[in-house]
Amino acid sequence: MPTLLAPALTPIAFVQSIVLAYERRGLDPVDTLKQAQIPPDTLKDPAARITALQFERLSGAAMQELDDEGLGWFSRRLPWGSYGMLARASISAPNLGVALQRWCRHHGLIADDITLSLSVSGQTATLTISEHRDLGALREFCLVSVLRNFHGLACWFIDSRIPLTGAQFPFAAPAHQDVYQVLFSAPALYSSGQAAIQFDASYLSLPLRRDEAALRQMLQRALPLTVLQYRRDRLLVQRVRQALASQSTTIHNADDLAALLNISPRTLHRQLKDEGASLQTLKDEVRQARATNLLLRTTRPIKQVALAAGFQNDKSFIRAFKGWTGQSPTVFRQAGPS
């Protein structure tokens, strides 16, 4: 087995929690620790750390050996495949918000020791964990893991990096609190109410980008979400669409749009390209949607529709509309909704 060369950042306290789950079941974790290349003596050093890959191997093997994806957190086991079942129940959702609401609701059906709730206030979405019993020695490991899995699943659903804007925990700052910046990449508050994470609520409107085949592949491994990194943030496309739709009269070119989004024009074009989109395509989508709505829901003259859709004259609008639909605006309006 090759040596696992990577920054050792995962605190030994999480390994000790898994060992405790073994002890409560009357089982010996020595083989599982060996598989993850964790020397038993390491458990005696409270300052010791292991790599993310080591921890993924350890937790994955432990989940299967204990037949408990909760790793001892809850009053009843979560048999292998429990979280896969929740993911399947969520993957058909029309957007991330609905998918995560389903996840929270269904999680309560398999583990009633805690309740997950997703709320939105202004531009901030918050995932909160309510505890219904004393989680004991596994409390920190449980709350951190549930928050990380929720965040990882959300990123996986939309294939996008979702930056967290905050994280809070009901326990005092642990000795390994420096790791929390790595785990959550957000300011952390301790001894503060309930466990929770916050992020931009705009992500909730993004469509899911995964299907059943991708889900089957993801579920072949245990907890891949806790270490998987996403290079891109797919929210920019959505932000551009919203800006073009709501600020059409003030956005005349890429420089105007970039200034509104607080990024450079070069970054705007590069990131849209990385997300498989272009500014012109998005402008056309917004214009077509606005024009279609006005043609079908109002009796405005074609010239007024053209101006409202962002065209300088009706001739350029008619030409563009034919390119989009294969019909002139007049014929499209007469045909009515399809």
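### Digging into the environment of Ser192
- Relative to the elements of secondary structure, Ser192 occurs in the loop between strand E6 (188-189) and strand E7 (195-200).
- With residues up to four places along the chain from it excluded, the contact list for Ser192 reads Gln168, Phe169 and Pro170.

### What about the nonpolar core?
- If you look at the biggest cluster of nonpolar residues, it comprises 78 residues, and the most contacted ones within it are Phe184 and Phe199.
- When residues of this core are assigned to their parent elements, the largest contribution, 13 residues, is made by helix H6 (residues 139-158).
- Not counting the four nearest positions on each side in its chain, Phe184 is found in contact with Val144, Leu147, Arg148, Leu164, Ala167, Phe169 and Ile197.

### Quick word on the pairing of strand E3 (residues 114-121)
- Relative to strand E4 (residues 124-131), E3 runs antiparallel, the two sharing eight bridges. Considered in E4, the bridge of Ser119 is made with Thr126.
- Connecting E3 to the next strand, E4, in antiparallel fashion are two residues, including Gly122 with a positive phi near 65 degrees.

### Regarding the sheet that holds E7
- Ordered by their spatial adjacency, five strands build an open sheet running E3-E4-E7-E5-E6, and the pairing between neighbours is mixed. In this open sheet, the two strands that pair with only one neighbour each are E3 and E6.

### A word on the packing of helix H9 (residues 235-246) against helix H10 (residues 254-261)
- Between H9 and H10, the least distance of the axes is 11 Å, while the angle of their chain directions is 110 degrees. In terms of orientation, H9 lies roughly perpendicular with respect to H10. Relative to H10, H9 is oriented so that their crossing is right-handed. In this structure, H9 contributes Leu236, Arg239, Val240, Ala243 and Leu244 to the contact, and H10 contributes Leu257, Leu260 and Leu261.
- Class assignment of the residues belonging to the contact of H9 with H10 gives a composition of seven nonpolar, no polar and one charged.

### Digging into the environment of Tyr83
- Within the element layout of this structure, Tyr83 appears in helix H4 (residues 82-90).
- The buried category is assigned to Tyr83, whose relative accessible area is 13%.
- Along the sequence, Tyr83 and His106 sit 23 residues apart, while their C-alpha atoms lie 9.8 Å from each other.
- Each residue touching Tyr83, except ones within four places of it in the same chain, is listed here: Glu69, Trp73, Phe74, Leu78, Trp103, His107 and Ile110.

### Focus on the side chain of Arg287
- Note on placement: Arg287 falls in helix H12 (residues 279-297).
- For Arg287, which is buried and forms no salt bridge, the nearest opposite charge comes from Asp284, at a distance of 4.7 Å.
- Excluding residues that lie within four positions of it along the chain, Arg287 makes contacts with Ala309, Gly310, Phe311 and Trp324.

### A short note on the environment of Leu9
- Along the chain, Leu9 falls in strand E1 (residues 8-11).
- The class of Leu9 is partly exposed, set by a relative accessible area of 36%.
- As a C-alpha pair, Leu9 and Leu183 span 174 residues in sequence and 9.2 Å in three-dimensional space.
- For Leu9, the contacting residues outside a window of four places in its chain are Arg49, Ile50, Val179 and Val182.

### A word on the pairing of E4
- For E4, the tally of buried residues reaches six of eight residues, placing the bulk of the element in the interior.
- Here six bridges tie E4 to E7, and the two strands are oriented antiparallel to one another. Pairing of Leu127 across the sheet is with Ile197, part of E7.

### Things to note about the pattern of salt bridges
- Within this structure, the stated rule accounts for nine salt bridges.
- Across the salt bridge formed by Glu212 and Arg88, the nearest N and O atoms sit 2.9 Å from each other. Taken together, the residues Glu212 in helix H8 (residues 212-218) and Arg88 in helix H4 connect sequence positions 124 residues apart.
- We classify Glu212 as partly exposed; its relative accessible area is 31%.
- When the shortest N-O distance is used, the salt bridge between Asp113 and Arg133 registers 2.3 Å. Separated by 20 residues along the polypeptide, Asp113 in the loop between helix H5 (96-110) and E3 and Arg133 in the loop between E4 and H6 bring together distant segments of the chain.
- With a relative accessible area of 2%, Asp113 lands in the buried category.

Criteria and cut-off values
- Residues numbered from 1 in each chain as written.
- Predicted model: local features only at pLDDT ≥ 70, side-chain atom pairs only at ≥ 80, totals over all residues.
- Heavy atoms only, no water.
- Helix = DSSP H or I, 4+ residues; strand = E, 2+ residues; numbered from the N terminus.
- Contact = heavy atoms within 4.5 Å.
- Core = buried A, V, L, I, M, F, W, Y, C linked by side-chain atoms within 4.5 Å.
- Buried < 20%, exposed > 50% of the residue type's maximum accessible area, 1.4 Å probe, protein only.
- Pairing = 2+ DSSP bridges.
- Axes fitted to C-alpha atoms, helices over the stretch in contact; angles between N-to-C directions.
- Parallel < 35°, antiparallel > 145°, perpendicular 65-115°, else oblique.
- Left-handed = near helix turned anticlockwise from the far one by under 90°.
- Nonpolar A, V, L, I, M, F, W, Y, C, P; charged D, E, K, R; others polar.
- Lys, Arg positive; Asp, Glu negative; His and termini not counted.
- Salt bridge = Lys/Arg side-chain N within 4 Å of Asp/Glu carboxyl O.

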